[in-house]
Amino acid sequence: MKIIIYSTKSTFSDQSFGGAESSLTLLAEELGKLNNQVCFVTPPPLKRLSLGAIVQGNGFTVHFLPVFRMPIQRFSVFKRMSTLVNDYLCQRYMQKRFSDFDLAHCFSPQDTYRLIKWKRKNSLDLKIIIRSVGAFWKSDKRDEVHMSKVLNDTWAKADSICFIHERQSQDCLGILRQLYKIDLKDSFVQDIGIKVSKKWDWNPLNDGVFRLIMVGRFSSIFKRQDLLIHAFKKLNIHNSELIFAGDGEMKKDYEKLCFNDPFLNKRVKFIGFVETPVLRNLMSSSSLFCLASDSEGLCKSVLEAMSTGIPVLVSNVDVLNEYIIHNQNGLLAGNTIEEWSQELRSFYDRSLEERKKIGVSGKRFVEENYNSELCAKKIQDHFLRISMS
């Protein structure tokens, strides 16, 4: 098959990215290994002017779209002019390069709308599939009219929606039907998973330090680094350490919180964004991986941690509690300081063998269910079905 992966935000830009963007890159790699012709289409790193470029990825090609950015973007008239020019440049480039492709896979509503517009304008026999990581809309009256138009212009016209988890699929389909009166043409559930390597094994440092690590964006919504910080302080173990990996708008606030506290100041580290190989080494040498959060999809940092064999402790929320089974392949904590502190203390009191048992079970679960090579074959089967429909 000839496949386009299209995203205006990607791992190839100079902006920060998350699990969704990493997953699209991994999908391109794995589909390329299966002898598909895969082209990842994305804007170049921030430049005023680019005529487009093609570079080789790992089993696929990366097409950087031609772009023109006005020098003063803060004024709406210049921003609108840039958008119109870039839409035109994108349409011309896409038509020249990809008019005979079978399928396009995208992520955001804006990207979907641009692909649908290109497909209709040129009467292409191209199937468009949207990857959904969650309900990006809010179900309140202020947004209903706007979101109804967005969804009818994108999701309702796409050939299929790829959900990453069964619970997410059920929730989204219910909201679409009840609130927006939309029935999708087609949908399926399958995530790309993660790269699983046999060389990664949990080997915590033998230095007597109870070392915790959390990976995630410092956001004002969903992620709860604050909850873990307060639970860690309540735990009050002298020979302990808490490491936070990731960036975001709330990072400075949490750094200030820890700086002003004598106990936390000595024991909490903020290391910012780190590449996956470095991160896996950090996780495999720590005592426990933690994720405190109010809401999650199929969290890649949790799967990455489990693949190293480190035990994981996560918030008891959807959909984390769908694949983390308490005291079997991981641990769950209710989202209060008291409950998190109790679970941390309980894990601290376990023997190394008890800890290893949970870690081994988690690693086996990821290898059997979220190995990207196996997941890519399932996604390819869905793509073939949709391309022939």
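Keep in mind that what you see is a predicted model, and the values were worked out from it rather than measured.

Attention now goes to the overall build of the protein. Each helix and strand counted, the protein has 14 helices and 16 strands in total. Relative to its length of 389 residues, the protein is compact, with a C-alpha radius of gyration of 22 Å against a globular reference of 21 Å. For the protein, the spread of C-alpha atoms along the three principal axes comes to 65 × 45 × 45 Å. Within the span of the protein, comprising 389 residues, buried residues form 51% of the whole. Sequence-distant contacts in the protein: of pairs separated by 6 or more residues, those separated by 24 or more amount to 69%. Entry remark: accessible area of the protein is about 18700 Å², with carbon and sulfur atoms responsible for 51%.

Let's shift gears to the packing of aromatic side chains. Taken as a whole and judged by the stated rule, the model has 15 aromatic pairs. Geometrically, the ring pair formed by Phe218 and Phe270 is tilted, given 5.9 Å between the ring centres and 45° between the ring planes. A residue pair is termed long-range when its members are at least 10 positions apart, and Phe218 in the loop between strand 11 (210-215) and helix 6 (225-235) and Phe270 in strand 13 (residues 268-272) qualify at 52 residues. Its relative accessible area of 0% is what places Phe218 among the buried residues. Aromatic rings pair up to connect Phe218, Phe244, Tyr254 and Phe270 into one cluster.

Along the chain, the position of Arg345 falls in helix 12 (residues 337-348). For Arg345, a relative accessible area of 34% translates into the label partly exposed. With sequence-adjacent residues up to four places away left out, Arg345 is seen in contact with Leu235 and Ile237. A distance of 3.0 Å separates a polar atom in the side chain of Arg345 from the backbone oxygen of Leu235.

Moving on, we come to the nonpolar core. The biggest cluster of nonpolar side chains holds 59 residues, and the ones touching the most others in it are Leu228, Phe244, Phe289, Val302, Tyr323, Trp340 and Leu344. Counting residues per element, this core draws most heavily on helix 6, which supplies six residues. Ignoring sequence-local partners within four residues, the contact set of Tyr323 consists of His165, Gly297, Leu298, Cys299, Val302, Leu303, Asn329 and Phe365. Membership of the second largest hydrophobic core comes to 33 residues, among which are Val41, Ile128, Ala158 and Phe163.

Before going further, it helps to spend a moment on the state of the cysteines. Taken as a whole and assessed by the stated rule, the structure comprises zero disulfides. Between Cys258, a cysteine without a disulfide, and Cys290, which holds the nearest cysteine sulfur, the sulfur-to-sulfur distance is 14 Å. Under the relative-accessibility criterion, Cys258 is labelled buried at 3%. Distance from the sulfur of Cys299, which forms no disulfide, to the nearest cysteine sulfur (Cys290) is 12 Å. According to the relative accessible area criterion, Cys299 is buried, its value standing at 8%.

For helix 6, the set of buried residues is Gln225, Leu227, Leu228, Ile229, Ala231, Phe232 and Leu235. Looking one or two residues past helix 6, Asn236 carries a phi angle of roughly 55°, positive in sign.

Taken as a whole, this structure holds 24 salt bridges when the rule is applied. Across the pair Arg167 and Glu322 runs a salt bridge, and its minimum N-O distance is 2.5 Å. You can see Arg167 sitting in helix 5 (residues 166-180) and its partner Glu322 sitting in helix 11 (residues 320-323), a full 155 residues away along the chain. Classification of Arg167 by relative accessible area gives partly exposed; the value is 24%. Given a relative accessible area of 37%, Glu322 falls into the partly exposed group. Taking the shortest distance from any N to any O, the salt bridge between Arg211 and Glu241 comes out at 2.6 Å. Here Arg211 is found in strand 11, whereas its partner Glu241 is found in strand 12 (residues 240-245), with 30 residues between them in sequence. Taken together, the shared-partner salt bridges connect Asp207, Arg211, Glu241 and Lys269 into one network.

We now examine unusual backbone geometry. For the bond running from Asp318 to Val319, omega is -5°, close enough to zero to count as cis. Secondary-structure assignment places Val319 in the loop between strand 15 (312-315) and helix 11. With phi around 55°, Asn236 is a residue other than glycine that occupies positive phi space. On the secondary structure map, Asn236 appears in the loop between helix 6 and strand 12. Residue Asn236 is classed as exposed on the basis of its relative accessible area of 51%. The phi angle at Asn327 is positive, at roughly 70°, despite the residue not being glycine.

Time to look at the sheet that holds strand 15. Within the open sheet, the six strands sit side by side as 13-12-11-14-15-16. Their pairing is parallel. Each edge of the sheet is formed by a strand with only one pairing partner; in this case those strands are strand 13 and strand 16 (331-333). In this sheet, neighbouring strand axes are inclined to one another by 25° on average, regardless of whether the strands run parallel or antiparallel. As defined by bridge partners, strand 14 (residues 288-291) adjoins strand 15 across three bridges and the pair is classed as parallel. Bridge pairing links Phe289 to Val312 in strand 15. With respect to the sheet, helix 9 (residues 276-284) is in contact with strand 11, strand 12, strand 13 and strand 14, its orientation differing from that of strand 11 by roughly 145°.

Definitions and limits used
- Residues numbered from 1 in each chain as written.
- Predicted model: local features only at pLDDT ≥ 70, side-chain atom pairs only at ≥ 80, totals over all residues.
- Heavy atoms only, no water.
- Helix = DSSP H or I, 4+ residues; strand = E, 2+ residues; numbered from the N terminus.
- Rg over C-alpha atoms; globule rule 2.2 N^0.38 Å.
- Buried < 20%, exposed > 50% of the residue type's maximum accessible area, 1.4 Å probe, protein only.
- Contact = heavy atoms within 4.5 Å.
- Areas by Shrake-Rupley, 256 points an atom, 1.4 Å probe, with all protein chains shown as cover.
- Phe/Tyr/Trp six-rings, centres within 6.5 Å; stacked < 30°, edge-to-face > 60°.
- Polar contact = N/O pair within 3.5 Å; in protein donor to acceptor, adjacent residues only side chain to side chain.
- Core = buried A, V, L, I, M, F, W, Y, C linked by side-chain atoms within 4.5 Å.
- Disulfide = S-S within 2.5 Å.
- Salt bridge = Lys/Arg side-chain N within 4 Å of Asp/Glu carboxyl O.
- Pairing = 2+ DSSP bridges.
- Axes fitted to C-alpha atoms, helices over the stretch in contact; angles between N-to-C directions.

Functional significance is not addressed by these values, which are geometric in nature.
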